[in-house]
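Now for the letters of each chain:
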Amino acid sequence: MKFENAILNSLYVACFALCVLTVGAMITATPTAPTAVATVAAPANSQG
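These remarks concern the structure in this document. As the structure is a prediction and not an experimental result, all values here were calculated from the model. (Residues numbered from 1 in each chain as written. Predicted model: local features only at pLDDT ≥ 70, side-chain atom pairs only at ≥ 80, totals over all residues. Heavy atoms only, no water.)

Turning our eyes to something else, we now look at the overall build of the protein chain. Per the secondary structure count, the protein chain includes two helices and zero strands. Taken across its 48 residues, the protein chain has 0% of its residues classed as buried. As displayed, the protein chain offers around 4,700 Å² of accessible surface, 73% of which is attributable to carbon and sulfur atoms. (Helix = DSSP H or I, 4+ residues; strand = E, 2+ residues; numbered from the N terminus. Buried < 20%, exposed > 50% of the residue type's maximum accessible area, 1.4 Å probe, protein only. Areas by Shrake-Rupley, 256 points an atom, 1.4 Å probe, with all protein chains shown as cover.)

Bringing the packing of aromatic side chains into the picture now. Within this structure, the stated rule accounts for one aromatic pair. Geometrically, the ring pair formed by Tyr12 and Phe16 is stacked, given 6.3 Å between the ring centres and 20° between the ring planes. In this pair, Tyr12 and Phe16 are both assigned in helix 1 (residues 2-28), four residues apart and thus about one turn of the helix distant. Of the two residues, Tyr12 and Phe16, both sit in the exposed class. (Phe/Tyr/Trp six-rings, centres within 6.5 Å; stacked < 30°, edge-to-face > 60°.)

Further remarks concern a nonpolar patch on the surface. A surface patch of nonpolar side chains, about 450 Å² in accessible area, is lined by Tyr12, Val13, Phe16 and Val20. With respect to the helices and strands, Val13 occurs in helix 1. (Patch = residues over 30% accessible without salt bridge, like charges linked within 9 Å, V, L, I, M, F, W, Y side chains within 5 Å. Salt bridge = Lys/Arg side-chain N within 4 Å of Asp/Glu carboxyl O.)

Structure (structure tokens):
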């Protein structure tokens, strides 16, 4: 029983750490879409 508790506790710690890292990455991420959209050239109008 002690082995199972150790495995479950380590799984809990690993899942908690993964969730904290994921939420932290989402909070501190900076959006890059406006700069990427600004660098795309507009297509030329082919209708004359």
